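This is what each chain is made of:
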Amino acid sequence: MEGVTDGANRPANGSSSAVYGGVTVQECQKMLKKSLRTPMVKFLREHLAKSGCFIGDNFFKAINCNKEVSGGYARGVGIMICSNNIDLQDEVDQVVIHELIHAYDDCRAGNLNWTNCAHHVCSEIRAGHLSGDCHYKRELLRGYMKLRGHEQDCVKRRVMMSMANNPYCSEAASKDAMEAVWDVCYNDTKPFDRAP
């Protein structure tokens, strides 16, 4: 799942053909409620609250999206899950975790600017690394069979996919930003003690 953020082509309501088949908004809403009970989601929500950003259940919305994304986070709006691009509970869980890391970054930074390539790239690096998006099993299911170094390669690939949705950042600017902030952002595991 690629995070799309405040002002950067966030998913919009509308009808569209499903990328993977998808589920109805109502089915996705039920899956979303189940996601909110998972330990990782509870942990992230607790840490958002400790950082001064309490989020209620209405922060999470199931919608139909007109882009081929699984969901996104937008400041002041919340987390959207694209029901028409989701099939499984595990996918919903993964999107929620990924987007909660963006929300956490937005909360703790205070001055995070989603139009700034380095800021956006940093949050994408953290979300990709800390959410489990690039777990070996997920990569195998995507058809990537690399045995060594798969996790960092996956994070980099998925950061670039997500940055393609940011109209303020060219591919070159995104690559430069990723190179500049990689070490700091990849090694920043807050609110976790270490990468899960």
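Along each chain, the written sequence defines residue order, and numbers are assigned to residues from 1. A pLDDT threshold of at least 70 governs which residues receive local features in this predicted model, and a stricter bar of 80 or more applies before side-chain atom pairs are shown or counted, although totals over entire chains, interfaces and linings include all residues. Calculation of side-chain values draws on the structure's entire complement of heavy atoms; hydrogens and water are dropped beforehand.

### Section: the pattern of salt bridges
For clarity, the threshold we go by: Throughout this description, the term salt bridge denotes a Lys or Arg side-chain nitrogen within 4 Å of a carboxyl oxygen of Asp or Glu. Put simply, DSSP H or I for four residues or longer makes a helix, DSSP E for two residues or longer makes a strand, and each gets a number counted from the N terminus. Exposure is judged per residue with a 1.4 Å probe applied to protein chains only, and the accessible area is read against the type maximum: over 50% gives exposed, under 20% gives buried, and values in between give partly exposed.
Under the definition given, this model contains 7 salt bridges. For the salt bridge of Arg108 with Asp105, the shortest nitrogen-to-oxygen distance reads 3.6 Å. Residue Arg108 and its partner Asp105 are located together in helix α3 (residues 89-109), separated by 3 residues, close to a single helical turn. A residue is classified by how much of its surface remains accessible, and Arg108, at 33% relative accessible area, is partly exposed. The class for Asp105 is buried, based on a relative accessible area of 5%. Between Lys175 and Glu171 there is a salt bridge; the shortest N-O distance is 3.4 Å. With Lys175 and Glu171 both in helix α7 (residues 171-186) and 4 residues apart, this pair spans about one turn of that helix. What makes Lys175 partly exposed here is its relative accessible area of 44%. Residues joined in a network through salt bridges with shared partners are Asp105, Arg108, Arg126 and Asp188.

### Quick notes on the nonpolar core
Here is the rule we go by: The definition of a nonpolar core used throughout is a set of buried Ala, Val, Leu, Ile, Met, Phe, Trp, Tyr and Cys residues joined through side-chain atoms within 4.5 Å. Throughout, a residue-residue contact means that at least one pair of heavy atoms, one from each residue, lies within 4.5 Å.
Ranked by size, the top nonpolar core spans 30 residues in total, and within it Phe60, Ile81, Val96 and Leu100 carry the most contacts. Listing elements by their share of this core, those giving two or more residues are α1 (25-35), α2 (39-50), β1 (60-63), β3 (78-82), α3 and α4 (117-130). Once residues within four sequence positions are removed from consideration, Val96 is found in contact with Leu32, Ser35, Val41, Phe60, Ile79 and Ile81. Counting 17 residues, the second-largest nonpolar core is a separate cluster that includes Ile125, Met163, Ala177 and Tyr186.

### Observations regarding the sheet that holds β3
This is how it is decided: Any two strands with at least two DSSP-identified bridges between them are counted as paired. Orientation is described by axes fitted as lines to C-alpha atoms, over the contacting stretch for helices, and by angles from 0 to 180 degrees between their N-to-C directions.
One open sheet holds the 3 strands; their spatial order is β1-β3-β2, and the pairing between them is mixed. The sheet is open, and its two edges are formed by β1 and β2 (71-74), each paired on a single side. Averaged over all neighbouring strand pairs, the angle between strand axes comes to 20°, with direction disregarded. For β1 and β3, the ladder comprises 4 bridges, and the chain directions are parallel. Across the sheet, the residue bridging to Ile63 is Cys82, located in β3. On the sheet, α1 packs against β1 and β3 and is oriented at approximately 155° with respect to β1.

On their own, these measurements won't tell you what the molecule is for.
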